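If you want the building blocks of each chain, they are given just below.
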Amino acid sequence: MIYDLVVVGASFAGLACARAAALGGSRVLVIDKKPGAGARLHTTGMIVKDAVDTIPWLRDVPSELVRRIEGVRLYAPNLRHVDLHAPGYYFWATDVPRLMQWMVGIVQAAGAEVRYGALFTSVRREREHDPWSVVLGTGETVLCHYIVGADGPHSRVAKALGLSQNRQFLFGVEHEYAQADLEPNYLHCFLDSQLAPGYIGWGFAGVGVTQIGLARRVNPGSRQGRVDLAAFLRKTEGRVTPRGAPTSIRAGMIPCGGRLPVVARARALLVGDAAGLVSPATAGGIHAALRYGEEAGEAVARFIAGKVADPAGWLPRQYPRFRIKRVVRAVFEWTQGDWTYNLLLRTRAMRRIGERVYFHSKGTPALRSGAGQG
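### Focus on the layout of surface pockets
Step number 1: Considered as a void within the structure, the second largest pocket measures approximately 170 Å³ in volume.
Step number 2: Among the secondary structure elements, those contributing two or more residues to the lining of the second largest pocket are α3 (96-109) and β18 (248-255).
Step number 3: If one sorts the elements of the lining of the second largest pocket by residue count, β18 sits on top with three residues.
Step number 4: Looking at the lining of the second largest pocket residue by residue, the classes come out as six nonpolar, four polar and three charged.

Right, dumping it as structure tokens:
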């Protein structure tokens, strides 16, 4: 059997792509090296309201898999803080393993096949119009007319097809705790140039757990910097305080350089982290993964049906370039110093930047300063 589409990677981008293509009438196979849905996760699972507003099927997510968070508490290195809100805006904390299982279910219901424990090793074809031969770790070869790489920041598909690969990264570690003390209706974000150079620490009450993490910039060509979560927990005790040992630990690389320059070739596309579709400012990538994964699936199905030209030639032009957010990242890294942010967090300019980063332009946030607390 020759599949119309093989999607490599069964996370947000890959599953959104597969569902859309299957609904469009394509014969779709999703392959993933993980043993099952929700295994070996590397994401906090935070979904912004923009995604819920623009992706209709997200509204069908069972309510027990999500928890709304309506504010951001931003801490300076000295632990003084400011609270940020935007009217009607919220974030979804999610039970990521169960959410991924639910997504696999709706993808299969759409008619796609999902195969776990299937390692992508290579892809080839003799002539341009021949089907792709996708070789799995077992030695099996799968034939398809189109291939989409949604296989994460270190994409094997990108390497096999000679496409661009991510070179700029954050490295993050996150622990889950069954119990913790913190204000539950905030995403707590901590600035600290020593513990989190190039990024932040965070904590929030998720679905039945509290998630606490820390990430830092990894300089190209150098060894990975140490992420000292224990030191972060000591510093934030009293603001975000876990009880007992973590019940789950996840870690991983987060691309932060923005969209990659070459993400497609004839009858092949990259989406999600594989294409660098992660905000350089916030390191958030789920919204872009879902949106452009879905657009890729719809476009591939229409191409297979003979209704449009190969989306490899036009869809990547619609991918976000993150120009402003790349500038925000550059400025943040250039100015990041504890004394700088201890001083700036109390200014209106810094608060407006925080509003823009977390809430975009969704209304006029009401600010409640906590600069004198703690």
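From this point, the discussion proceeds with the structure in view.
### Considerations on the pairing of strand β14 (residues 186-190)
Step number 1: Among the five residues that make up β14, five are buried, leaving the element largely enclosed by the rest of the structure.
Step number 2: In β14, alternate side chains face the same way, and those of Tyr186, His188 and Phe190 on one face and Leu187 and Cys189 on the other are all buried.
Step number 3: Note: β14 against strand β15 (residues 201-205), three bridges, orientation antiparallel. The residue bridging His188 from the neighbouring strand is Gly203, located in β15.

### Things to note about the packing of aromatic side chains
Think of a pair of aromatic rings as described by two things: how far the centres are apart, and how the planes are tilted against each other in angle.
Step number 1: For the structure on display, the rule yields 10 aromatic pairs.
Step number 2: Summarising the aromatic geometry, the rings of Tyr146 and Phe303 are spaced 5.8 Å apart at their centres and angled 75° between planes, so their arrangement reads as edge-to-face. With Tyr146 in strand β11 (residues 141-149) and Phe303 in helix α6 (residues 286-304), this pair connects stretches of sequence that are 157 residues apart.
Step number 3: On the basis of relative accessibility, which here comes to 21%, the residue Phe303 falls in the partly exposed class.
Step number 4: With 5.3 Å between their ring centres and 85° between their planes, Phe190 and Phe232 make a pair best called edge-to-face. With Phe190 in strand β14 and Phe232 in helix α5 (residues 229-235), this residue pair connects regions lying 42 residues apart in the sequence.

### Here's the deal with a nonpolar patch on the surface
Step number 1: On the surface, Trp339, Leu343 and Leu344 cluster together into a nonpolar patch covering about 360 Å² of accessible area.
Step number 2: Among the secondary structure elements, Leu344 is positioned in helix α8 (residues 338-344).

### Here's the deal with the side chain of Arg250
Step number 1: Relative to the elements of secondary structure, Arg250 occurs in strand β18.
Step number 2: Arg250 gets classed as buried once you look at its relative accessible area, which sits at 9%.
Step number 3: Among the polar contacts made by the side chain of Arg250, one reaches the main-chain carbonyl oxygen of Thr43 at a distance of 2.8 Å.
Step number 4: The residues touching Arg250, leaving out its near neighbours within four places in the chain, are Leu41, Thr43, Thr44, Gly172, Val173, Glu174, Glu176 and Gln211.

### Focus: the pattern of salt bridges
Step number 1: Overall, the coordinates contain 18 salt bridges when judged by the stated rule.
Step number 2: Glu333 is paired through a salt bridge with Arg217; the nearest N and O atoms lie 2.7 Å apart. Of the two residues, Glu333 sits in helix α7 (residues 323-335) while Arg217 sits in strand β16 (residues 210-218), which places them 116 residues apart along the sequence.
Step number 3: Residue classification places Arg217 among the buried positions, given a relative accessible area of 13%.
Step number 4: Counted as one network, the salt bridges with shared partners bring together Glu113, Arg115 and Glu140.

### A word on the sheet that holds strand β4 (residues 66-69)
Step number 1: The strand order across the open sheet formed by three strands is β3-β7-β4, and the pairing between neighbours is antiparallel. Pairing within the sheet leaves two strands with one partner each, and these edge strands are β3 (47-48) and β4.
Step number 2: Where β4 and strand β7 (residues 91-94) come together, four bridges link them in antiparallel fashion. Looking across to β7, one finds that Val66 is bridged to Thr94.

Cut-offs and rules
- Residues numbered from 1 in each chain as written.
- Predicted model: local features only at pLDDT ≥ 70, side-chain atom pairs only at ≥ 80, totals over all residues.
- Heavy atoms only, no water.
- 1 Å grid on protein atoms, 1.4 Å probe; cavity = no way out; pocket = protein on both sides within 12 Å on 5 of 7 lines; lining within 4 Å.
- Points joined across faces, edges and corners; volume = space filled by probe spheres on them.
- Helix = DSSP H or I, 4+ residues; strand = E, 2+ residues; numbered from the N terminus.
- Nonpolar A, V, L, I, M, F, W, Y, C, P; charged D, E, K, R; others polar.
- Buried < 20%, exposed > 50% of the residue type's maximum accessible area, 1.4 Å probe, protein only.
- Pairing = 2+ DSSP bridges.
- Phe/Tyr/Trp six-rings, centres within 6.5 Å; stacked < 30°, edge-to-face > 60°.
- Patch = residues over 30% accessible without salt bridge, like charges linked within 9 Å, V, L, I, M, F, W, Y side chains within 5 Å.
- Areas by Shrake-Rupley, 256 points an atom, 1.4 Å probe, with all protein chains shown as cover.
- Salt bridge = Lys/Arg side-chain N within 4 Å of Asp/Glu carboxyl O.
- Polar contact = N/O pair within 3.5 Å; in protein donor to acceptor, adjacent residues only side chain to side chain.
- Contact = heavy atoms within 4.5 Å.

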